[in-house]
Amino acid sequence: MPPQLNMSNIDASAPLLQHKQHFSISTDQLCDLIDSRQQSSLERLGGTKTICDALEVDPTIGLLPDESFDPCYGVIKSRPDEEGFADRKRVFGRNTIPDAPPKSLLFLVWQAYNDQTLIMLTIAAIVSLVAGFWNDMSDNHPKDEPKIGWVDGVAILAAVAVVIITNAINDYEKEKQFRKLNAKKEDRPVKVLRRGMTQQVHVCDIVVGDIMFIEPGDMITVDCLYLEGHNVHCDESTATGESRTVKKSSFQNGGDCFLLSGTKILQGVAKVVVVAVGVHSFYGRAMTLMRNAEEEQTPLQAKLNTLADQIAKFGCIAAGLMLIVLVLKLVVQSVWSGHWLPPTELTAELVGIVIQAITIIVVAVPEGLPMAVTLALAFATTEMLKDNNLVRHLSACETMGNATAVCSDKTGTLTENKMTLVRASVGQHQFVKPSEIPGWQLQANPMVLGLAVEGISVNSTAVEGISLKGHLQIVGSTTERALLEFIRRLGYDYHQQRASSRLASVYPFNSTAKSMTSIIEINESNVKSPDQSYYRQYTKGATETIIKNCTHYIDAQGEIQILDANTRLEHEIRLNEYAKKALRTLGLAYRDINKETYAGLDPDNAPVTNLVLIGIVGIQDQLRPGVIESVQAFRRAGVFIRMITGDNLETAKAIGKECGILTPGGVAMTGPEFRALSSTEQLKVLPRLQILARSSPIDKTIVVSRLQALDEIVAMTGDGTNDGPALKMANVGFAMGVSGTEVAKEASDIILMDDNFSSILQALKWGRAVNDGVRKFLTFQLTVNIAAVVLSFVSALVSETSESILSAVQLLWVNMIMDTFAALALATEPLTNDLVDRKPLRKDSSLINWRMSRMIVGQAVFQIVINLVLLFHGAEVFGLTDSDADTKILRTMVFNVFVFMQVFNELNCRRIDDNINVFRGIRHDFLFLVMQTLVVVSQVAIITWGGMAFKTVSLTATQWLFTIGIGAISLPVGTLIRLLPSQMPYLWSENKDDEFVHVVSYPRLLWESAITRILQSIKSFSSGPKSSAAAIARAAAEEGEYITDDLKVGEPSYYYGHGVTDAARKKS
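So, here is what we can say about the structure in this document. Counting of residues starts from 1 at the beginning of each chain's written sequence and follows it residue by residue. Per-residue local features of the predicted model are confined to residues with pLDDT of at least 70, and side-chain atom pairs are confined, for both listing and counting, to 80 or more; whole-chain, interface and lining totals are unaffected and use all residues. Side-chain metrics in this entry use all non-hydrogen atoms of the structure; hydrogen atoms and water are not considered.

**Concerning the overall build of the protein chain**
(1) Moving on: Only runs of H or I of at least four residues qualify as helices and only runs of E of at least two qualify as strands under DSSP, and these elements are numbered from the N terminus. Regarding its fold elements, the protein chain presents 38 helices and 30 strands.
(2) Moving on: A fraction of 74% describes how many contacts in the protein chain between residues 6 or more apart in sequence connect residues 24 or more apart.
(3) Moving on: Only carbon and sulfur atoms are counted for the fraction: they give 58% of the accessible area of the protein chain, which is about 47,500 Å². Contact definition: two residues touch when any of their heavy atoms are within 4.5 Å. Computed by Shrake-Rupley with a 1.4 Å probe, the accessible areas treat only the displayed protein chains as cover when residues are assessed.

Spelled out as structure tokens, the structure:
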């Protein structure tokens, strides 16, 4: 009889399976493992396989998206609103690094108050309050007058409070904007294996236990263990400080299998398991310590701070002089009259003088200048993000405004990066348009076609997976996606091809070799080739490189033939035909190798010799919309455009002509040819160089350094790992946000979120807008500074009571107009097309040019003269008497005139060129209109109801019209100043030295090309065709002229003369 189950000890409500609450490895154990990075530590934990088991992940399948487990009912599907991998995130943490605690508004208020000027004003206000109360309570105070001695002190304190709160709110909003930018900067996709499928997920969604794929150019932000892969080399200098390249391999092979967060993948591909994320990772712990780094100061901010210090010194001198003169005046008056003021009145008088002197300093100190730059940069970077420019370094924003050269990639930047295979020649059978593919497939030799399909399938890093939007698609480079889509169109399944082949070695794409190689072990499922052996190597890459490395080719019958000179020439002609159609070409090749040869291969360098050419394919990539217009705009802006691409010369020339980069008289050459020149010859050819094809990352670095040697400001685009040095060296480095590697993004200043060339033009416009906004603000503020200081000084000096025509509170209001409100109005103007209708400025150009200085001096003199005339003769002008009431009206009218002069002069400052129409585009300048309206409404309120604090009285409608009308004269005065001749002896002369002048301009290239063509036509009449062509080439080499139309690669006309001949080309 079978044993009976004792039911008495069983709880019927308990689940049959117990829910596992914990993983069998802890976060501390994994962190200790990464910290030690010792093979012995990993051995004690059982190796990578045991760690995968402990993390409950199968490396061949990855994590299951739903790990929820109900104790009673088993695996259940989580609701859409539930978060996945909750247990893992609870135990091992999330892959996010908490932001530093945001600065509170109160802290920013305190920070804004820590200003010497504001502290001085506060002390002066307290002294004024004490003196005012003392005067009000004294027996000498007239009984019929209200006790308002406290008003001045309270008004100053109120003005100080408004300045502090305004600055604090600006800082708070700026910090909030930059937090958003940083969050965007750290948001990027990675490839992981989940549920047996490759998926793209956001980097912050990675969890411990994820199986992740790494490729060249990736920057790892989690700690990992290497599981399997091919030829992985890393740069761990950011993590360990060691600059040497580190090779990674599996635990089973006894190699270094630890990949630290912060590591850059330089070469190879691998599958890794994530063991630490977020604050527990090596990178996260370091980043946590760096969260409170100080904000960077841009070059423009540094210049303005220097200027502000100089102006502040001028203000302090003026204030000190005013203090001394007024005190001496008081003493002289007392001695002259023989009557000294009582102590109470004397104290009040001295306090008033001190307050006036301090107010002069407040008005003179342009504390709004740094704020204007901050506002302009904060506004520009936020708007640039809308234009798909993510600014990583603030200095790049303003530097880009004066860029003189842009070196751009072709694929994905000038073109759409939507690749389609439209031409191919395989086994000497070719089709020239997609509609011919079915017929071509029937004619092609099945074995040759099979080799091409197998090579495309296995020699690729692209995989089918789920995109960030949840769609099933091929994930990988656009070129490889085009190849896989092509064989899918032929009816082949690349999954099946890969499943039936066993990879033995992989040599990922290398920018030096310009090719990718995969080696498989041949089995019964693989294509049978004429020289079949144990292994088969497939190589694809730059067509010229592949053809050069091939010794044989496979013909239409599937026979292997020697690649002789004639056949090689046929393939080169076909390559040029494809390239002239602006097609990107790839060469496909293979070779079968035996065990002995395979055993002797270098594991680090691909064996790209003695190959058998299968064929050539042509991939089409259309120009992006708007590229042609953007190139034209750059040319109008005085910026020289160069295309630096890895494609062959003919393709680059075709695209260059189509988009307008390659112009008559320009030079197109290859990277090896350029490198073969001496540094002197490179400097001579560079001003005319417009296209550099088949370039390597080192070519980009050379071009940047040579251009900078010519005092140019260079913007460079890049997407590859090896582009990092060039991006770092360039004045502004643009990394591709879509196709760029993490290393390129880390080295860049601005990330193009859409990889679009037109976005670079937007960056140029915003850079110029920032510089223009600051210059407009500077023009406005210096005018007010000079006028207010001189007016206050003179009026106080001539006044019987030593009182300035503008009170301390009135000057503080003017200071607010010219600081906060003007900065918001002038430093945040929207983009206009006028920004690209002028030349860039030199790096050492002055902040204040001759047009600005002319406007500043002219307007300041006008304002001083008008206000002094009103001060001394205002009563006669406005029909007023000498009574106290009319004196208050006059002082109010002078104050109103001065403020409205600033209102209308602010309109003048919208243009810092000689354009007379200052209202152009004002309807679209919303913030300017808001600020102007706010100032006018506030001024009306101050005049009408602010009498006690601002020492004003209400004005009649006629008086309002008079004061506003006098203030409006600033507009015609501004027009007259603009109409003054550009040169006036002993006063000013137009200085164009600030504009950058290219060594060779586009017009010069045009007429040089025209002269060359004329010489060519003349010589063709006097010589035969061959001698004529030789004479033209020789003349071009001697005179330094260039011919770009339909010339073969390597002709002397591609090189600058001055000693650069065919010898240089052969040396390359």
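**Focus: a nonpolar patch on the surface**
(1) Moving on: Note on patches: the residues involved have over 30% relative accessible area and no salt bridge, like charges join within 9 Å, and the nonpolar side chains Val, Leu, Ile, Met, Phe, Trp and Tyr join within 5 Å. By convention in these notes, a salt bridge is any Lys or Arg side-chain nitrogen within 4 Å of a carboxyl oxygen on Asp or Glu. A surface patch of nonpolar side chains, amounting to about 350 Å² of accessible area, comprises L105, I165, I169 and Y172.
(2) Moving on: Relative to the helices and strands, I169 is located in helix α7 (residues 151–185).

**Details of the sheet that holds strand β11 (residues 405–408)**
(1) Moving on: Any two strands are treated as partners once DSSP identifies two or more bridges connecting them. If you walk across this open sheet you meet the eight strands as β10-β28-β27-β26-β11-β23-β25-β24, and the pairing is mixed. Unpaired on one side and paired on the other, β10 (389–391) and β24 (667–670) mark the two borders of the sheet. Neighbouring strand axes in the sheet, compared pairwise and without regard to direction, differ in orientation by 20 degrees on average.
(2) Moving on: Strand direction decides the pairing type here: β11 and strand β26 (residues 714–718), joined by three bridges, are parallel. Bridged to V406 within β26 is A715.
(3) Moving on: Against the sheet, helix α25 (residues 697–709) touches β11, β23 (640–644), β25 (689–693) and β26, its axis set at about 170 degrees to β26. Axis lines are fitted to C-alpha atoms, over the contacting stretch for helices. Their N-to-C directions set the angle, which ranges from 0 to 180 degrees.

**Brief notes about the pattern of salt bridges**
(1) Moving on: Applying the stated rule across the entire model yields 28 salt bridges.
(2) Moving on: Its salt-bridge partner being K191, residue E215 comes within 2.6 Å of it at the nearest N-O pair. Here E215 is found in the loop between β5 (211–214) and β6 (223–235), whereas its partner K191 is found in strand β3 (residues 189–194), with 24 residues between them in sequence.
(3) Moving on: Remark: exposure states derive from per-residue accessible area (1.4 Å probe, protein chains only) relative to the maximum for the residue type, with buried under 20%, exposed over 50%, and partly exposed in between. According to the relative accessible area criterion, E215 is partly exposed, its value standing at 23%.
(4) Moving on: A residue is classified by how much of its surface remains accessible, and K191, at 11% relative accessible area, is buried.
(5) Moving on: A salt bridge links R502 to E521; the shortest N-O distance between them is 2.8 Å.

**Things to note about helix α34 (residues 957–968)**
(1) Moving on: Under the convention used throughout, the expected extent of a helix is 1.5 Å for every residue step, that is, one less than its residue count. Compared with the 16 Å implied by 1.5 Å per residue over 12 residues, the 16 Å span of α34 between its first and last C-alpha is a close match.
(2) Moving on: All of the buried residues along α34 are Q959, W960, T963, I966 and G967. Relative to the axis of α34, the buried residues are bounded by an arc of 140 degrees and lie together on one face. Exposed residues pointing more than 90 degrees away from the buried face of α34 are listed as A957 and L961.
(3) Moving on: Summarising the contacts, the buried residues of α34 are in contact with α30 (850–878), α31 (884–908), α32 (926–945) and α35 (970–979). The arc in question is formed by the directions pointing from the helix axis toward the C-beta atoms.

**A closer look at the environment of F793**
(1) Moving on: By secondary structure assignment, the location of F793 is in helix α28 (residues 757–798).
(2) Moving on: Those residues within four positions of F793 in sequence are excluded, and the remaining contacts are A318, L321 and M322.

**Some words on unusual backbone geometry**
(1) Moving on: We note that R37 has phi near 50 degrees; this positive angle belongs to a residue other than glycine.
(2) Moving on: By the secondary structure assignment, R37 is in the loop between α1 (27–36) and α2 (39–44).
(3) Moving on: Positive phi, normally seen in glycine, also occurs at E56, with a value near 60 degrees.
(4) Moving on: In this structure, E56 sits in the loop between α3 (47–54) and β1 (69–70).

**Quick word on the nonpolar core**
In summary, soluble globular proteins display a tendency toward joint burial of nonpolar side chains.
(1) Moving on: Definition of nonpolar core: a set of buried residues of the types Ala, Val, Leu, Ile, Met, Phe, Trp, Tyr and Cys, connected through side-chain atoms within 4.5 Å. Ranked by size, the top nonpolar core spans 58 residues in total, and within it F780, L806, W813, F878, F895 and F898 carry the most contacts.
(2) Moving on: For this core, the elements supplying multiple residues, two or more each, are α12 (368–386), α28, α29 (808–826), α30, α31, α32, α34 and α35.
(3) Moving on: Apart from the residues lying within four places of it in its own chain, the contact partners of L806 are L791, L811, F895 and F898.
(4) Moving on: Membership of the second largest hydrophobic core comes to 56 residues, among which are A376, V391, A715 and F757.

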